[in-house]
Amino acid sequence: MAKDKIDIIENKIDAKVRDVQGHVKDAAGGLTGDIGLQADGKLDQFTAHMQEDFADLYEEGEGVVEKAVTFVRDKPLLSLGIVSVVGVLLGWLFFPRRSRS
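Only a predicted model underlies this, so the values are computations on that prediction, with no experimental measurement involved.

Scoring rules and cut-offs
- Residues numbered from 1 in each chain as written.
- Predicted model: local features only at pLDDT ≥ 70, side-chain atom pairs only at ≥ 80, totals over all residues.
- Heavy atoms only, no water.
- Axes fitted to C-alpha atoms, helices over the stretch in contact; angles between N-to-C directions.
- Helix = DSSP H or I, 4+ residues; strand = E, 2+ residues; numbered from the N terminus.
- Parallel < 35°, antiparallel > 145°, perpendicular 65-115°, else oblique.
- Left-handed = near helix turned anticlockwise from the far one by under 90°.
- Nonpolar A, V, L, I, M, F, W, Y, C, P; charged D, E, K, R; others polar.
- Polar contact = N/O pair within 3.5 Å; in protein donor to acceptor, adjacent residues only side chain to side chain.
- Contact = heavy atoms within 4.5 Å.
- Expected span 1.5 Å × (residues − 1).
- Buried < 20%, exposed > 50% of the residue type's maximum accessible area, 1.4 Å probe, protein only.
- Patch = residues over 30% accessible without salt bridge, like charges linked within 9 Å, V, L, I, M, F, W, Y side chains within 5 Å.
- Areas by Shrake-Rupley, 256 points an atom, 1.4 Å probe, with all protein chains shown as cover.
- Salt bridge = Lys/Arg side-chain N within 4 Å of Asp/Glu carboxyl O.

**Student:** Hey, could you go over the packing of helix α1 (residues 2-32) against helix α2 (residues 35-74) for me, with residue numbers and the actual values?
**Tutor:** When two helices pack together, their arrangement is given by the angle between their axes and by how far apart the axes lie. α2 packs onto α1 with a crossing angle of 160° between their chain directions and a minimal axis gap of 7 Å. Taken as axis vectors, α1 and α2 run roughly antiparallel relative to one another. The crossing of α1 and α2 is left-handed. Taken together, the residues that form the contact of α1 with α2 break down as 7 nonpolar, 11 polar and 16 charged.

Below you can see the structure in the form of structure tokens.
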């Protein structure tokens, strides 16, 4: 788990660096009138924001998985019952009985 946390932090740092680079390119393009450089800067900013959002989602997902694993370890019979009920319901939804007429 420690390596995952380090990877998330590295991704967030990389996103911040890319965001700053994007702002610099955007400003330089605006000052020089270079539309291509300005667009490249805006693309870098957008990419940085998406990278940071993905890192946040990944971190949230890890927390949910950890809670689920803890729940299954603490209450294995209840977990088995829940999975059984969900399986039966999905079976009824996707494989309805054929009527015999």
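**Student:** Please provide a residue-by-residue account of the side chain of D44, values included.
**Tutor:** One can find D44 in helix α2. A distance of 2.9 Å separates a polar atom in the side chain of D44 from a polar atom in the side chain of K25. Leave out the neighbours within four places in its chain, and D44 touches R18, G22 and K25.

**Student:** Now, about α1: what can you tell me, with residues and values included?
**Tutor:** Here α1 is 31 residues long and its end C-alpha atoms lie 45 Å apart, about the 45 Å a rise of 1.5 Å per residue gives. Those residues of α1 lying buried are I8, A15, D19, G22, D26 and G29. Where the residues of α1 are buried, they touch α2. Positive phi appears at G33, one or two residues downstream of α1, with a value of about 80°.

**Student:** So what's going on with a nonpolar patch on the surface? Residues and values would help.
**Tutor:** A cluster of nonpolar residues, F71, V72, L78, I82, V86, L90, L93, F94 and F95, forms a patch on the protein surface that exposes about 920 Å² of accessible area. Put simply, the parts of the chain that give the nonpolar patch at least two residues each are α2 and α3 (76-94). When residues in the nonpolar patch are grouped by element, the largest group, 6 residues, is from α3. Counting through the fold element by element, L90 comes out in helix α3.

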